[in-house]
Amino acid sequence: MNYSWNWSILIQPPYLGWLASGLELTLVISISAWILALIAGTLVGVVGTLPHRIPRMLAATYVDMFRNIPLLLQLFLWFFVVPELLPSRWGFWLKRDLPFPELWTSMLALGLFTSARVAVQVGSGITAVSSGQRMAAVASGMSPAQTYRLVLLPQAFRIVLPPLTSDFLTVFKNSALALTIGVFELTAQSRQIESFTFQGFEAFTAATIVYLVIALLVTFFMRTLERRVALPDTMGAAS
Amino acid sequence: MTGLDFGVIQRALPFLLEGLALSFFLTAVAMLGGVILGLGLAVIRLSRWKALSILAAGYVNGFRAIPLVLVIFWFYFLVPLALGRSVSALQSVVIAFVLFEAAYYSEIFRAGLQSIRPGQWQAAYACGLGYFQTLRLVVLPQALRNMLPLMITQAVVLFQDTSLVYVISLRDFMTSASIVANRDNRLIETYLFAALVYFVICSIGAASASRLSARWRPA
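Residues numbered from 1 in each chain as written. Chains lettered and ligands numbered in written order. Predicted model: local features only at pLDDT ≥ 70, side-chain atom pairs only at ≥ 80, totals over all residues. Heavy atoms only, no water.

(A) Up close: the overall build of chain B. The number of helices and strands found in chain B is eight helices and zero strands. Going from N to C terminus, chain B has its helices and strands arranged as α-α-α-α-α-α-α-α. Across its three principal axes, chain B shows a C-alpha extent of roughly 75 × 50 × 25 Å. By residue count, 49% of the 219 residues in chain B fall in the buried class. (Helix = DSSP H or I, 4+ residues; strand = E, 2+ residues; numbered from the N terminus. Buried < 20%, exposed > 50% of the residue type's maximum accessible area, 1.4 Å probe, protein only.)

(B) Molecular detail of the interface of chain B and chain A. Listed by partner, the interface residues are 34 residues for chain B and 35 residues for chain A. Carbon and sulfur atoms supply 80% of the area buried between chain B and chain A, which totals about 3100 Å² over both sides. A per-residue breakdown of the area chain B buries against chain A is headed by Phe73(B), Trp74(B) and Phe77(B), which together make up 18% of the total. At the boundary of chain B and chain A, one finds zero salt bridges. Taken together, the connections running from chain B to chain A amount to five residue pairs in polar contact (both at pLDDT 80 or more). When contributions to the side of chain B that touches chain A are tallied by element, the ones reaching two or more residues are α2 (50-65), α3 (68-83), α7 (173-183) and α8 (187-216) of chain B. Per-element accounting of the side of chain B that touches chain A gives the leading share, eleven residues, to α8(B). The residue inventory of the side of chain B that touches chain A, partitioned by class, reads 28 nonpolar, five polar and one charged. (Contact = heavy atoms within 4.5 Å. Buried area = accessible area lost by both parts, 1.4 Å probe. Salt bridge = Lys/Arg side-chain N within 4 Å of Asp/Glu carboxyl O. Polar contact = N/O pair within 3.5 Å; in protein donor to acceptor, adjacent residues only side chain to side chain. Nonpolar A, V, L, I, M, F, W, Y, C, P; charged D, E, K, R; others polar.)

(C) Here's a closer look at unusual backbone geometry. Note that the residue after Pro13(A), namely Pro14(A), is joined by a cis bond; omega there is 0 degrees. Position of Pro14(A) relative to the elements: it lies in the segment before α1 (15-47). At Phe198(A), a residue that is not glycine, the phi angle is positive and equals roughly 60 degrees. Within the secondary structure layout, Phe198(A) lies in the loop between α8 (186-197) and α9 (200-229). The exposure class of Phe198(A) is exposed, given its relative accessible area of 64%. A positive phi angle is found at Ser169(B), which is not glycine, with a value near 60 degrees. With respect to the secondary-structure elements, Ser169(B) resides in the loop between α6 (131-161) and α7.

(D) Looking closely at the packing of α1(A) against helix α2 (residues 53-67) of chain A. Residue and element names in this part refer to chain A. Where α1 meets α2, the axes come as close as 8 Å, and the angle between the chain directions of the two elements is 140 degrees. Compared by their axis directions, α1 and α2 come out oblique. Counted together, Ala 40, Val 44 and Val 47 of α1 and Pro 55, Arg 56, Ala 59, Tyr 62 and Val 63 of α2 form the full contact between these two elements. Taken together, the residues of the contact of α1 with α2 break down into seven nonpolar, no polar and one charged. (Axes fitted to C-alpha atoms, helices over the stretch in contact; angles between N-to-C directions. Parallel < 35°, antiparallel > 145°, perpendicular 65-115°, else oblique.)

(E) Highlighting the pattern of salt bridges. Residue and element names in this part refer to chain B. Inspection of the entire model under this criterion finds seven salt bridges over all chains. A salt bridge links Glu 107 to Arg 45; its shortest N-O distance comes to 2.9 Å. Taken as a pair, Glu 107 in helix α4 (residues 89-114) and Arg 45 in helix α1 (residues 7-45) lie far apart in primary sequence, 62 residues in all. Residue class for Arg 45 comes out buried when judged on its relative accessible area of 17%. Its salt-bridge partner being Glu 189, residue Arg 186 comes within 3.1 Å of it at the nearest N-O pair.

(F) Quick look at the side chain of Glu185(A). All names here are of chain A. With respect to the helices and strands, Glu 185 occurs in the loop between α7 (144-174) and α8. No salt bridge is formed by the buried Glu 185; the nearest opposite charge belongs to Arg 191, separated by 10 Å. A polar contact of 3.0 Å, which involves the side chain of Glu 185, links it to the backbone nitrogen of Thr 187. Glu 185 has contacts with Gly 22, Leu 25, Thr 26, Ser 175, Ala 176, Ala 178, Leu 179 and Tyr 211, leaving out every residue within four places of it along the chain. (Lys, Arg positive; Asp, Glu negative; His and termini not counted.)

(G) Representation of the side chain of Thr187(A). Within the secondary structure, Thr187(A) sits in helix α8. When its relative accessible area of 0% is taken as the criterion, Thr187(A) is described as buried. If we ignore the near neighbours within four places in the chain, the residues touching Thr187(A) are Ala176(A), Leu179(A), Tyr211(A), Pro67(B), Val69(B), Leu70(B) and Phe73(B).

(H) The arrangement of the packing of α1(A) against helix α5 (residues 101-128) of chain A in detail. All names here are of chain A. Viewed as axis vectors pointing N to C, α1 and α5 meet at an angle of 40 degrees, and their least axial separation amounts to 5 Å. The orientation of α1 relative to α5 falls into the category oblique. For the element pair α1 and α5, the recorded crossing hand is right-handed. Residue composition of the contact of α1 with α5, by class: 20 nonpolar, nine polar and no charged. (Left-handed = near helix turned anticlockwise from the far one by under 90°.)

(I) The environment of Phe77(B), seen in detail. Looking at the element boundaries, Phe77(B) is found in helix α3. Under the relative-accessibility criterion, Phe77(B) is labelled buried at 12%. Distance from Phe77(B) to Leu144(B), taken between C-alpha atoms, is 36 Å for residues 67 residues apart in sequence. Every residue in contact with Phe77(B), bar those within four places of it in the chain, is listed here: Tyr3(A), Glu194(A), Gly200(A), Phe201(A) and Phe204(A).

(J) Structural view of the packing of aromatic side chains. Counted by the stated rule, this structure contains 29 aromatic pairs over all chains. Both rings, one in Phe80(A) and one in Tyr191(B), keep their centres 6.1 Å apart while their planes meet at 25 degrees; by these two values the pair is stacked. Taken as a pair, Phe80(A) in helix α3 (residues 71-85) and Tyr191(B) in helix α8 lie in two separate chains rather than in one. Taking relative accessible area as the criterion, Phe80(A) reaches 28% and is therefore assigned partly exposed. We classify Tyr191(B) as buried; its relative accessible area is 1%. Measuring from ring centre to ring centre gives 6.0 Å for Trp121(B) and Tyr125(B), while their planes differ by 40 degrees; the resulting arrangement is tilted. Of this pair, Trp121(B) and Tyr125(B) both sit in helix α5 (residues 118-126), four residues apart, which is roughly one turn of that helix. Given a relative accessible area of 40%, Tyr125(B) falls into the partly exposed group. These aromatic residues form a ring-pair network of at least three members: Tyr3(A), Trp5(A), Trp7(A), Phe201(A), Phe204(A), Phe73(B), Trp74(B) and Phe77(B). Over the ring of Tyr104(B) we find Arg64(B), and its NZ or CZ is 5.4 Å from the ring centre. (Phe/Tyr/Trp six-rings, centres within 6.5 Å; stacked < 30°, edge-to-face > 60°. Lys NZ or Arg CZ within 6 Å of the ring centre and 35° of its normal.)

Next up, the structure:
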């Protein structure tokens, strides 16, 4: 192997700045996509457990749509196709006036893609809460909305926290796909450093280490959260 | 927005099918290689050799913590350097996918192997079987039943992930679709068609996985 090492490249300007701004974009996209995924996924997950057949079918269709199309293609659909299919004034605004369209698109696409996974988890969490709880809530005079908000969801979330951790980790990894529509997040920046300096080993190592640290931090954060919110009698009752 | 013209798909169909063939090829090779390597990793990880088991765990967790796009870039850069000669994008991508998938299949195998009760091992040892005989004749046949649906689900994910070779311009289905979309300036038609194709293929895969798991549930 014939390679001239130069690790100092990573702390030289402008490359250190590139990595930092890449990390910033990775975090911004991932965290906002995750928030969107939690909100939309919880809604769809709840709809999927309603007693009526039609909302359940709608929720299942939503999940299938987002799960069976590659994220990369979904990104392209949101970026290239949707603005053309909208009424022309909206499409025009999206294409001309919206600042950072590629950033907003990657948040939206990644968030909705992830929401399908969250919906499946939340749905299975709600199903895992014993049916007596639902009946007791109804018998106490709670409305369906109250039943979900006060009884089912608080327990369901605790049950599905461990699997949600892995979905949360996946968001950070998937955010790398934003580079295909021109967002210079972490992976794109390391690739750019490689093509500018030919120090690919150093550049990719830096990105790899940052992703590993993110994974460790997220895992640690979620474990702490799990321990803080665990109900004594449901410990280890997940899945 | 001018009228839609799906004729573009018909004209580009041979080109798109070639891309689809590459997507299937990549999926098959990555799955085969990933399953073999993943089984090895899982067995090592569950073995008594502490040091090896830690190494295997590090391999699996390392690959699972970084984006596939970065892995593809890594090997696109690393393989020519390690071999000292230039290699095709396809070769580097095949290596990247096999090593990456091995980490994911190894987790499926690990869960599958652990789902077999220890009594089975003990009974096999008591009958005089060795470690690898027990694995091959007693544990794996049972574990495989539990794992097959998960392995198919993973294959569906893998099939979608092959679209990422777009980042190094390898002409799989996704890349071919984007070439057609831009060449003929028919982004809407081409991407919608590509979405439909992926959706149908992945839905079939997902449906067969859930049918299998429903049939084998009470095993």
